[in-house]
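Examining the three-dimensional arrangement
So the chains spell out like this:
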Amino acid sequence: MTGFDAARLAAVISPLRRALLAATRAEAALPELSDAQIDVIRALPRGTSRGSAEIAARLRLSRPTVSNLLGTMEAEGLVERAPDPSDGRRVTVRASATALDLFDRFDAANAALVTRATATLDDEDRVALGRALPVLEKLCAALGAADVPASADPKEIR
């Protein structure tokens, strides 16, 4: 594919996410929630509870990583653990009211920042960005799939 630079896309994604996270924290006067903590809260919408293994699978993280993350979040009052009502050997996790409030504030500030930032772009750039969203969603899904071929030649997609 001519005109596409995979390295350039990869190089902009992380700084974009970090910049958006930092600006959102500042905008909404949010505490220092990590990307992973935000992702855990996002995986536990209001009224739901999940087991740590399910959270790990959704976030594509190892179970020990999620277990450590949940321990920290529980100590900070962001999640609550309880025995699974259908299987007392398991534990379920749900986001606390505090976490859900922080997440609502985060999402609102995040959307407002993106709205203001995209308003500085010209119409053509905003249209191009809008057209790119479905492709970026597909890319995210492809990167999360277990069957992404490791042998693909990056030169072939440039």
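Our subject in this report is the structure included herewith. Predicted, not measured: the structure shown is a model, and the values here were computed from it.

This brings us to the overall build of the chain. Within the chain one finds six helices and three strands. Each helix and strand of the chain, placed in order from N terminus to C terminus, yields the pattern α-α-β-α-α-β-β-α-α. Look at the contacts in the chain between residues 6 or more apart in sequence, and 54% of them connect residues 24 or more apart.

Looking now at the pattern of salt bridges. Overall, the coordinates contain 14 salt bridges when judged by the stated rule. A salt bridge links Glu32 to Arg25, with the shortest nitrogen-to-oxygen separation between them at 3.4 Å. Under the relative-accessibility criterion, Glu32 is labelled exposed at 66%. Across the salt bridge formed by Asp123 and Arg126, the nearest N and O atoms sit 2.2 Å from each other. Highlighted residues: Asp123 and Arg126, both in helix H6 (residues 123–144), separated by three residues, approximately one helical turn. Residues joined in a network through salt bridges with shared partners are Arg17, Asp35 and Asp39.

Let's shift gears to the pairing of strand S2 (residues 79–84). Bridging between S2 and strand S3 (residues 87–95) involves six bridges; their strand directions are antiparallel. Paired with Asp84 across the strands is Asp87, a residue of S3.

To continue, consider the pairing of S3. Look at any regular strand and the pattern is simple: side chains alternate between the two faces of the sheet. Of the pairings in the sheet, the one linking strand S1 (residues 50–51) to S3 comprises two bridges and is antiparallel in character. Along S3, the bridge assignment pairs Gly51 with Thr92. The turn linking S2 back onto S3 is made up of two residues.

The next thing to look at is the environment of Arg46. Among the secondary structure elements, Arg46 is positioned in the loop between helix H2 (35–42) and S1. With 54 residues separating them in the primary sequence, Arg46 and Leu100 have C-alpha atoms 7.0 Å apart. Beyond its immediate chain neighbours, meaning those up to four positions away, Arg46 contacts Leu100 and Asp104. One polar contact links Arg46 to Asp104, side chain to side chain, over a distance of 2.6 Å.

This paragraph deals with a nonpolar patch on the surface. A contiguous nonpolar patch, built from Val12, Ile13, Leu16, Leu133, Leu136, Leu139 and Leu143 and spanning about 630 Å² of accessible area, is present on the exposed surface. Counting only elements with at least two residues in the nonpolar patch, the list comes to helix H1 (6–28) and H6. In terms of residue count, H6 provides more of the nonpolar patch than any other element does, four residues in total. Along the polypeptide, Leu143 turns up in helix H6.

A word on helix H3 (residues 52–59). Taken residue by residue, H3 has Ile55, Ala56 and Leu59 as its buried positions. Buried residues in H3, looked at end-on, bunch into an arc of 100°, giving them a common side. Phi turns positive, to about 60°, at Arg60, one or two residues after H3.

This next bit is on the packing of aromatic side chains. This structure, assessed with the given rule, holds one aromatic pair. When the ring of Phe103 is compared with that of Phe106, the centres are 6.3 Å apart and the planes differ by 20°; the resulting orientation is stacked. Within this pair, Phe103 and its partner Phe106 are both found in helix H5 (residues 97–119), separated by three residues, close to a single helical turn.

Conventions adopted
Residues numbered from 1 in each chain as written. Predicted model: local features only at pLDDT ≥ 70, side-chain atom pairs only at ≥ 80, totals over all residues. Heavy atoms only, no water. Helix = DSSP H or I, 4+ residues; strand = E, 2+ residues; numbered from the N terminus. Contact = heavy atoms within 4.5 Å. Salt bridge = Lys/Arg side-chain N within 4 Å of Asp/Glu carboxyl O. Buried < 20%, exposed > 50% of the residue type's maximum accessible area, 1.4 Å probe, protein only. Pairing = 2+ DSSP bridges. Polar contact = N/O pair within 3.5 Å; in protein donor to acceptor, adjacent residues only side chain to side chain. Patch = residues over 30% accessible without salt bridge, like charges linked within 9 Å, V, L, I, M, F, W, Y side chains within 5 Å. Areas by Shrake-Rupley, 256 points an atom, 1.4 Å probe, with all protein chains shown as cover. Arc of directions from axis to C-beta. Phe/Tyr/Trp six-rings, centres within 6.5 Å; stacked < 30°, edge-to-face > 60°.

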